[in-house]
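# Architecture at a glance
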Amino acid sequence: MSNLSSKLPDAGTSIFAVMSALAQQHNAINLAQGFPNFEPPQRLKDLVGQAIQDGYNQYAPMPGLPMLREAIANKIQLTYGVRPDPGSEVTVTAGATQALFCAIQAVVHPGDEVILLEPAYDCYLPAVLLAGGVPISVPLKGPEFTVDWDEVRAKVTSCTRLIITNNPHNPLGKVFRAPDMAALKDIVLQHDLLLLSDEVYEHLVFDGLPHLSVMADAELFARSMVTFSFGKTFHATGWKTGYVVAPPNLTVEYRKVHQFNVFSVHTPSQVALARFMEDPASWSDLNDFYQAKRDHLTRELAGSPFHVLPCEGTYFGLLDYSGMSDEDDITFARNYTERCGVALIPISPFYRTPPTENRTVRVCFAKTEDVLSDAARQMRTAVY
Ligand code: PMP
Ligand code: GLN
């Protein structure tokens, strides 16, 4: 068709799909795409089957089953000491990806500027472009990938509408501290902006650091939409379930898009999640669980040519390969998968204009210890 003009001319296949396919093709251990190689809790799986048998098989209400929205509000109260109104502030979504997409469509008008801190998770940019928004990138600085909040402030114009943040951060494994939250709040309030805060890794924060949720700050939350994913919290990425929490005026706008995008989300999963979350222990030991995996991989990689960078949260960390190769990260990740049998993720695809000097790749440690050990052995002994 000659008159087909792409709305996303630069969008290719996501790097996660590309690297998973390459891992399969070369029979490599897949530490690339972020998903656990272990099962969700048995009781949660049983509850889904039970819900199907109990007859929860037709459309759920558009914003989500009331029992699940109640459970989400309870969980937020226990975790952050504030209780969103389940009726007007919580919406159940088909994963965080759908929540992020609809949130962006709901508030970004053509020509609005949207600030992205880069590296940025891959689904933000296309959603901004499809809304007609103008992405404004602020690259994180130096080997520590620090947010330069003065630069963020300097990039705010009269057209700026939204800032998108991700805390804890994929792919960097970094976590915002109090001064980050203070600077973010100052900018959002001073310039009358909206905030989309992607907090899907809220329960994967290590070494006793707190997760500073936007929801814990009433003034900031009043201007925010906050996204979460049951896929991360309950080791069930394939269920594609999550939620968005926003004050009533933003939730009204969010739901206008949501109802024509997905309308409602898989009903049996919602019943199961609500029942499962009656016990706070269902989510409370995740930090320790993943911290042990991070520490296991770090220990096992001692003596490998990779330099393991500090990881404060998420189930991802960065590995510096500059001692092994001067190739760019995409070339290195591809070649490493083929030659050394372990698939990793380059971080260039998380940028609009990738830094040429980057020599780090992302590793996913949401794997059982035997797989992490096998991969690490390969990474210690393989000749690149
Ligand atoms: N945001 C970030 C930062 C992610 O890493 C992911 C998925 N790994 C998502 C959003 C999407 O979550 P979901 O799978 O629930 O759509
Ligand atoms: N969020 C996952 C990651 O960062 C991938 C999800 C996907 O494949 N879209 O690896």
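Before reading further, recall that the structure is shown in the block above.
Just so it is clear, the structure is predicted and the values come from calculations on it, not from any experiment.

Time to look at the packing of helix H2 (residues 42–53) against helix H11 (residues 267–276). Viewed as axis vectors pointing N to C, H2 and H11 meet at an angle of 130°, and their least axial separation amounts to 8 Å. When the axes of H2 and H11 are compared, the pair comes out oblique. Crossing angle aside, the handedness with which H2 passes H11 is right-handed. Of the residues in H11, those in contact with Arg43, Leu44, Leu47, Val48, Gln50, Ala51 and Ile52 of H2 are Pro268, Val271, Ala272, Leu273, Arg275 and Phe276. Residues of the contact of H2 with H11, tallied by class, amount to ten nonpolar, one polar and two charged.

A word on the pairing of strand E3 (residues 113–118). Judged by how many residues are buried, E3 sits mostly within the fold: six of six residues are covered. Burial along E3 is two-sided: Glu113, Ile115 and Leu117 facing one way and Val114, Leu116 and Glu118 facing the other are all buried. Summarising the sheet, E3 and strand E4 (residues 134–139) pair through six bridges and their orientation is parallel. Its bridge partner being in E4, Leu116 is matched across the sheet by Ser137.

This brings us to the site of ligand 1. Ligand 1 sits among 13 residues. The nearest are Thr97, Asp198, Tyr201, Lys232 and Lys240. Interatomic distance of 2.8 Å between a side-chain N/O atom of Asn170 and an oxygen atom of ligand 1. Between ligand 1 and the protein, one listed contact pairs a nitrogen atom with a side-chain N or O atom of Lys232 at 2.2 Å. Counting residues per element, the shell around ligand 1 draws most heavily on helix H4 (residues 95–107), at four residues. When grouped by side-chain class, the residues that make up the shell around ligand 1 number five nonpolar, five polar and three charged.

Looking now at the pattern of salt bridges. Side-chain pairs of opposite charge can arise where the charged atoms are in close proximity. Enumeration according to the criterion identifies 19 salt bridges in this entry. For the salt bridge of Lys75 with Glu202, the shortest nitrogen-to-oxygen distance reads 2.9 Å. With Lys75 in helix H3 (residues 66–80) and Glu202 in the loop between strand E6 (194–198) and helix H8 (218–221), the pair connects residues that are 127 residues apart, well separated along the chain. Residue classification places Lys75 among the buried positions, given a relative accessible area of 2%. Across the pair Glu219 and Lys185 runs a salt bridge, and its minimum N-O distance is 3.0 Å. Taken as a pair, Glu219 in helix H8 and Lys185 in helix H7 (residues 178–190) lie far apart in primary sequence, 34 residues in all. Each of the salt bridges in this network shares a partner with another, and the network as a whole consists of Lys141, Asp148, Glu151 and Lys155.

In this section: the nonpolar core. In this structure, Leu68 and Leu344 are the most contacted members of the largest nonpolar core, which totals 122 residues. In terms of residues, this core owes the most to one element, H4, which gives eight residues. When neighbours within four sequence positions are excluded, Leu344 is seen to be in contact with Met19, Leu31, Ala32, Phe306, Leu319, Ala333, Tyr336, Thr337, Val361, Arg362, Val363 and Met379.

We now examine the site of ligand 2. Taken together, the neighbourhood of ligand 2 is formed by Phe16, Gln33, Gly34, Tyr121, Asn170, Lys232, Phe316 and Arg362. Contact between ligand 2 and Asn170: an oxygen atom at 2.9 Å from a side-chain N or O atom of the residue. For ligand 2, the accessible surface in isolation is 300 Å², of which the surrounding protein chains cover 78%. Of the residues contributing to the shell around ligand 2, the split by class is three nonpolar, three polar and two charged.

Ordered by their spatial adjacency, seven strands build an open sheet running E2-E8-E7-E6-E5-E3-E4, and the pairing between neighbours is mixed. Bordering the open sheet on either side are strand E2 (90–93) and E4, each of which pairs with just one other strand. Averaged over all neighbouring strand pairs, the angle between strand axes comes to 20°, with direction disregarded. Taken strand by strand, H3 contacts E2 and strand E8 (242–245), and its axis lies near 115° from that of E2. Sheet strands in contact with helix H10 (residues 248–261) are E2, E6, strand E7 (224–229) and E8, and its direction is about 25° off that of E2.

Procedures and definitions
Residues numbered from 1 in each chain as written. Chains lettered and ligands numbered in written order. Predicted model: local features only at pLDDT ≥ 70, side-chain atom pairs only at ≥ 80, totals over all residues. Heavy atoms only, no water. Axes fitted to C-alpha atoms, helices over the stretch in contact; angles between N-to-C directions. Helix = DSSP H or I, 4+ residues; strand = E, 2+ residues; numbered from the N terminus. Parallel < 35°, antiparallel > 145°, perpendicular 65-115°, else oblique. Left-handed = near helix turned anticlockwise from the far one by under 90°. Contact = heavy atoms within 4.5 Å. Nonpolar A, V, L, I, M, F, W, Y, C, P; charged D, E, K, R; others polar. Buried < 20%, exposed > 50% of the residue type's maximum accessible area, 1.4 Å probe, protein only. Pairing = 2+ DSSP bridges. Near = heavy atom within 4 Å. Polar contact = N/O pair within 3.5 Å; in protein donor to acceptor, adjacent residues only side chain to side chain. Salt bridge = Lys/Arg side-chain N within 4 Å of Asp/Glu carboxyl O. Core = buried A, V, L, I, M, F, W, Y, C linked by side-chain atoms within 4.5 Å. Areas by Shrake-Rupley, 256 points an atom, 1.4 Å probe, with all protein chains shown as cover.

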